[in-house]
Amino acid sequence: MELLEVKHIKKVYNTRLGAKQCVALSDISFEVARGEFVGIMGPSGSGKTTLLNLIASLDKPSGGEILLSGKNFSQIKNRELSKFRRENLGFVFQDFNLLDTFSIKDNILLPLVLADTPVAQMEERISPIVRELGIESLTEKFPYEVSGGEKQRAAIARAIITNPKIILADEPTGALDSKSSANLLKTFETLNKGGQTILMVTHSIDAASYASRVIFIKDGMLYNQIYKGGESRKAFRERIMTNMSLLTEGEGEDE
Amino acid sequence: MNKNNSLYQRLAKANIKRNKQMNLPYFVTASIMVAMFFTIINTYFAQSVSNVKYAGTTTTGVMLIFGIIVMSFFTFGYIFYLNSFLIKRRTKEFGLYGILGLEKRHVGKIIAKEAFMVNSAAVLTGIAGGIVFGRLIFMMLMAMVGHIAEGTYALSPISFIVTFIYFGLVFTSTTLYNRFRVSLTDPINLLTSEKQGEKKIKGIVPITVAGALLLGGAYVFSIFVKVGVLAITMFWPCVFAVILATYLLFYAGSQFVLGALKKNKDFYYKARNFVSVSSLTHRMKQNATGLANICILSTMVLVTVSFCCALYFGQENILASRNPNDVTFNLFHDKSAVAPEKEEMLQIAQNLAKETGIETESLFGYYSLKDTCILYKGEFIFKDENAKMNGVDLEAFDGSLAVHIITLEDYNGVTGEKASLAPGEIIVLTPRPINDTAELKTASKQFAIKKIVADSPFTKGKNSDVEDIFFVAADEKNALELRNAINPGNELDAIFGADTRYFTIIANLKGKSDDKIAFAKTLPTLAFDSIKAVSPEDSYYYNIYSMEINRIETGAVYGGLLFLGMYFSVLFLVNTVIVMYFKQVSEGYDDRERFSILQQVGMSSEEVRSTINRQVLIIFFAPLLVALLHVLAAGNILKLMADVFVMAETALVITWIFITAAVFSLIYIIVFRLTAKTYYRIVEWK
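Residues numbered from 1 in each chain as written. Chains lettered and ligands numbered in written order. Predicted model: local features only at pLDDT ≥ 70, side-chain atom pairs only at ≥ 80, totals over all residues. Heavy atoms only, no water.

(A) Just the overall build of chain B, in detail. Along chain B, the regular secondary structure elements total 20 helices and 10 strands. Residues counted as buried form 51% of the 686 residues belonging to chain B. In chain B, once contacts between residues fewer than 6 apart in sequence are set aside, the share between residues at least 24 apart is 84%. Here chain B has roughly 31,700 Å² of accessible surface; of this, 64% comes from carbon and sulfur atoms. (Helix = DSSP H or I, 4+ residues; strand = E, 2+ residues; numbered from the N terminus. Buried < 20%, exposed > 50% of the residue type's maximum accessible area, 1.4 Å probe, protein only. Contact = heavy atoms within 4.5 Å. Areas by Shrake-Rupley, 256 points an atom, 1.4 Å probe, with all protein chains shown as cover.)

As structure tokens, this is what we get:
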């Protein structure tokens, strides 16, 4: 059994007056195995973020189903949804989404606190993580006192502190400079090597080249997917680029 | 150019519509303030109040002027505050205009147009409301002051002009202020100004300690003080201490408490406390001053209204204690003159009562020599015995009392007794306890007390007990002897003579209020006519105390006070409500992002809802609870002060504090529910 199964997902938005329907995702199916690092790419408006929101259980599909470890999302009651999210999913966002009223440490602890974890256990969990991410000295600082890269590492710490089955990252390098981006992606790589499953939506070919597999989406449909295999990152990067230009070429022809 | 103008007009209109959530409450508040201002101005200028007959209405007029002045300042302050609140929220929008290429003067033009539309609508609506509700409010004032029949309501053109000019000035200055703010703006700063780090508060512990000490000191004093005089002298220092302490504690004390909560890890790292504590820390930093303001103003409203209510509804008691008898008429004269004839005076009063159509329940007159004494713990202390007052226990000290020395003849005449007194013997008339019931000791002489009468007509008035002490002496010679023993060498004797006898008529009446007033107003004239007919050369003086006349004056003062007190309370309440609303709305937008992150991280919408409720509840009710605490602590000192201001039933103050607090809290809770709803609507994440 695969860790994540996405089966014939469809998402239709009703416009405000309900007259027109807007199809964000028409029919998408794929699977993610345990320990995979999957990148999702596609031009703007292809439905990447919609897809991620559905997998994040933040939104409900109009058709099809999503299963995590065999558990169907549609069978989870609304009241248990946040608990499910807290226990199984870790999030990393483009603008970090740290709370400025909390210190870095409290931001990281947030999911554990919401799960009413005992204090001693929380302390035990946080120290190896912050050490590993190199933000040990920043824990008492507030988000507005640290750099973007540091913020994103804090966000990763928050995402992995619950030992989630899968990390969902939405354009995690979008607001970072190239050096911080590289650092972050290396962190992802390390985490992945440690067995962490990661699903990352990105625009950046460079970021996607760190993944073990890249799924391309266009107009709400799965367009193509490529595997890194034993390839070097550089070679994989080239292939991603080729695929992306194929995608965008199609766009050009339409016009 | 014309085309541009209409473009600005369109932009301004669109802005007003888009900002409805803020503009509508602002418009309503401004309209209410215009209406209240117009009404009070019109009540004064239409001379509606001076149409009322009887004395005492000038008092109401003076109070109205006072009210108008205070109100002008308040209105200006409030509108300016609200305006700055609204304009601050729009800095980002102005920055955007700048980036889109609008010059500052263009932006200025747009916001001036917006302000003009909203404000002139508010002025017109307000005046219309003032016209509609003005009559009602005027009738309320009349009912409170006590002359509903006589006052006539009218509209005065001056009040329209004054209102237009006043609000023209107010709104011009707010518009200029906004223009100034726009000119200060720099697009780059504007776009980034929304998110800034928090300032760190320094010296939390010392400031908290200082605040706690000030507050504790003031509380302890006001709860345990027992002496009226001390209460009055220390009242304002206490008030200032409490105000200062409130600011300090809201500012630093709140951080101190929240910091302590954060340090308690087992408490802090619980799902239900975690978010509340940290966002409260953040909110209190930003809102400490605003909340302290609301707290202090609430306290003032509570104290003012409960005091005014106690005075107003305790009027009859105050009147009764100030007027033991319905009419007390005193006649006195220069050294050379002769005291008026008793029987003749009484006859005049009797005839007058008959003419005016009122019954006399009792009517008597007596001559007296006057002086003062102190009755301290049952012991008489007269002049030149000040040494006895050293180390006095103020709590048992009642102040000085008037002494009347009357003759046995008058005493027997009034009471119908057949008492007899030897020279050097006296009868003491007072319900107060006296220690040495055998002798009255003065510095030079002793007088034997034959008996003490507690309930003679002299001290037992129709409405209340007479405070003064009466000594009955065997005859005029003995009376003078007693007077000189009590107070040798009185300074006033040079003018009036030590042996000048006061003549007093006491009358208790049954009849219509108007007739009783007529009686009290005519009696001195008739008495003087009669005296002047006998001895036209001499100087006579009088004073008259009439319960009915006093009632009108008291009504005018206390009714006017209550009216103004309530007027200001409404003004204050309207503004507190609106400020709270604005705060909630603008913080709602700040918090929206925060709560959406929390939900993404795994907080359920129920948890979000309960967290929001807790947070709003605390922010909202902290000022009210502290205000209630202040008022409760002030109960004792207020009661003592009321005692000094002659309120017979001082328990009323406490009662009214509770009633006012209950009503105020109820209004507050209603506002809270409305506001919390808006806040939740903004914050809720979909």
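Still more to cover.
(B) Region of the structure containing the pattern of salt bridges. Residue and element names in this part refer to chain A. Evaluated as defined, the whole model comprises 28 salt bridges over all chains. Here D59 makes a salt bridge to K11, at a shortest N to O gap of 3.4 Å. Residue D59 is located in the loop between α1 (48-55) and β4 (63-68), and its partner K11 is located in strand β1 (residues 4-14); the two are separated by 48 residues in the primary sequence. Residue classification places K11 among the buried residues on the basis of a relative accessible area of 9%. (Salt bridge = Lys/Arg side-chain N within 4 Å of Asp/Glu carboxyl O.)

(C) Main features of the environment of E409 of chain B. Among the structural elements, E409 of chain B can be located in helix α14 (residues 408-415). Spatially, the C-alpha atoms of E409 of chain B and V472 of chain B are 9.1 Å apart, while their sequence positions differ by 63 residues.

(D) Layout of the pairing of β4 of chain A. All names here are of chain A. Bridge count between β1 and β4: 5 bridges; the pairing is antiparallel. Considered in β4, the bridge of V6 is made with I66. Pairing geometry for β4 and strand β5 (residues 71-72), over 2 bridges, is antiparallel. By the bridge assignment for β5, L67 is matched with N72. Where β4 folds back onto β5 in an antiparallel hairpin, the turn is made up of 2 residues, including S69, whose phi is positive at roughly 50°. (Pairing = 2+ DSSP bridges.)

(E) Spotlight on helix α6 (residues 178-193) of chain A. All names here are of chain A. Over its 16 residues, α6 extends 22 Å from the first C-alpha to the last, a length consistent with the 22 Å expected when each residue adds 1.5 Å. Restricting attention to buried positions, one finds in α6 the residues S180, S181, L184, L185, T187, F188, L191 and N192. Down the axis of α6, the smallest arc covering the buried residues is 150°, so these residues share one side. For α6, exposure combined with an orientation more than 90 degrees from the buried face picks out S178, K179 and K193. The backbone nitrogen of K179 lies 3.1 Å from a side-chain oxygen of the residue at the head of α6, namely D177. Note on α6: the residue one or two positions beyond its end, G195, has a positive phi of about 110°. (Expected span 1.5 Å × (residues − 1). Arc of directions from axis to C-beta. Polar contact = N/O pair within 3.5 Å; in protein donor to acceptor, adjacent residues only side chain to side chain.)

(F) How the structure looks around the side chain of K516 of chain B. By the secondary structure assignment, K516 of chain B is in helix α17 (residues 513-534). Ignoring sequence-local partners within four residues, the contact set of K516 of chain B consists of D326, I358, L509, K510, G511 and E548 of chain B.

(G) Spatial organisation of the interface of chain A and chain B. Across the contact, 27 residues belong to chain A and 25 residues belong to chain B. Taken together, the two surfaces of chain A and chain B that pack against each other cover about 2,500 Å², and 62% of this comes from carbon and sulfur. On inspection of chain A and its partner chain B, the count reaches 2 salt bridges. Note that K265 of chain B and E123 of chain A form a salt bridge whose closest N and O atoms lie 3.2 Å from each other. Of all the secondary structure elements, the ones that give two or more residues to the side of chain A that touches chain B are α2 (78-88), α3 (104-114) and α4 (119-133) of chain A. Here the side of chain A that touches chain B takes 7 residues from α3 of chain A, the largest share from any one element. Residues of the side of chain A that touches chain B, tallied by class, amount to 14 nonpolar, 4 polar and 9 charged. (Buried area = accessible area lost by both parts, 1.4 Å probe. Nonpolar A, V, L, I, M, F, W, Y, C, P; charged D, E, K, R; others polar.)

(H) Inspection of the environment of S46 of chain A at higher detail. Residues and elements named next belong to chain A. Looking at the secondary structure, you find S46 in the loop between β3 (37-41) and α1. Put simply, S46 and I217 are 171 residues apart on the chain and 6.1 Å apart in space, counted from C-alpha to C-alpha. Each residue touching S46, except ones within four places of it in the same chain, is listed here: A24, L25, I217, K218, D219 and G220. Only 2.7 Å separates the side chain of S46 from the backbone oxygen of P43, close enough to count as a polar contact.

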